[in-house]
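What follows is each chain in one-letter form.
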Amino acid sequence: MPKAEMPSGALNLLILRVLRSGSLHGYAIAQRIHALSSEVLNVEEGALYPALQRISLRGWVTSEWGISETSRKVRFYRLTSAGRKQLEAELSEYGRVHEAIQAVLRTA
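Report on the accompanying structure.

Cut-offs and rules
Residues numbered from 1 in each chain as written. Predicted model: local features only at pLDDT ≥ 70, side-chain atom pairs only at ≥ 80, totals over all residues. Heavy atoms only, no water. Helix = DSSP H or I, 4+ residues; strand = E, 2+ residues; numbered from the N terminus. Buried < 20%, exposed > 50% of the residue type's maximum accessible area, 1.4 Å probe, protein only. Contact = heavy atoms within 4.5 Å. Lys, Arg positive; Asp, Glu negative; His and termini not counted. Charge placed at Lys NZ, Arg CZ, Asp CG, Glu CD. Salt bridge = Lys/Arg side-chain N within 4 Å of Asp/Glu carboxyl O. Axes fitted to C-alpha atoms, helices over the stretch in contact; angles between N-to-C directions. Parallel < 35°, antiparallel > 145°, perpendicular 65-115°, else oblique. Left-handed = near helix turned anticlockwise from the far one by under 90°. Nonpolar A, V, L, I, M, F, W, Y, C, P; charged D, E, K, R; others polar. Patch = residues over 30% accessible without salt bridge, like charges linked within 9 Å, V, L, I, M, F, W, Y side chains within 5 Å. Areas by Shrake-Rupley, 256 points an atom, 1.4 Å probe, with all protein chains shown as cover.

**Describing the overall build of the chain**
In terms of helices and strands, the chain carries 4 helices and 3 strands. Written out in order from the N terminus, the α and β elements of the chain read α-β-α-α-β-β-α. The principal-axis extent of the C-alpha atoms belonging to the chain is close to 55 × 35 × 20 Å. Out of the 108 residues in the chain, the part that is buried amounts to 31%. At a minimum sequence separation of 6, the contacts of the chain that also span at least 24 residues come to 52%. In the chain, which carries 14 positive and 10 negative side-chain charges, the distance between the mean positions of the two groups comes to 6 Å.

See below:
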């Protein structure tokens, strides 16, 4: 089956949602998204780390260095209170857009 394209703007939402459960390093974030999507969504490093940098600059996550389960030095990302608010806003907007698309699909 061909790789599924990540919908525009979805990566920030997915990262924030995954981090709501606790801090993770970048590779673990990508793996969690992949696993939770039943292996449909693949998050490439070339998209993940720039997204983490952007949301970090916006204050939605903080990061600190730590040691991974494989004994490597990695940066762990954690959701901030501003990130929680942003997640709720993005979930609300996603729900609104999803319902609008579903309405068109049902009635067209």
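Anyway, onward from the coordinates.
**Some remarks on the pattern of salt bridges**
Opposite charge on two side chains permits them to pair, given that their charged atoms come into close proximity. Applying the stated criterion across every chain, the model contains 2 salt bridges. Measuring nitrogen to oxygen at the nearest pair gives 3.5 Å for the salt bridge that ties glutamate 88 to arginine 20. With glutamate 88 in helix α4 (residues 81-107) and arginine 20 in the loop between α1 (10-19) and β1 (24-25), this residue pair connects regions lying 68 residues apart in the sequence. Close ionic contact of glutamate 93 with arginine 96 constitutes a salt bridge, the shortest N to O distance being 2.9 Å. On the criterion of helical spacing, the pair formed by glutamate 93 and arginine 96 is a turn pair, its members being 3 residues apart in helix α4. Residue classification places glutamate 93 among the partly exposed positions, given a relative accessible area of 37%.

**Here we look at the packing of α1 against α4**
At a minimum axis separation of 10 Å, α1 and α4 run at an interaxial angle of 130 degrees. One element, α1, and the other, α4, form an angle in the oblique class. In this structure, the crossing between α1 and α4 has a hand that is left-handed. Contact residues: Asn12, Leu13, Leu16 and Arg17 in α1; Gly83, Gln86, Leu87, Glu90, Leu91 and Tyr94 in α4. Across the contact of α1 with α4, the residue classes break down as 5 nonpolar, 3 polar and 2 charged.

**Looking at the side chain of asparagine 12**
Relative to the assigned elements, asparagine 12 resides in helix α1. Those residues in contact with asparagine 12 that lie beyond four places of it in its chain are Ala51, Arg54, Ile55, Arg58, Trp60 and Glu90.

**Topic: a nonpolar patch on the surface**
Taken together, the side chains of Val97, Ile101 and Leu105 make up a nonpolar region of the molecular surface, amounting to roughly 270 Å² of accessible area. On the secondary structure map, leucine 105 appears in helix α4.

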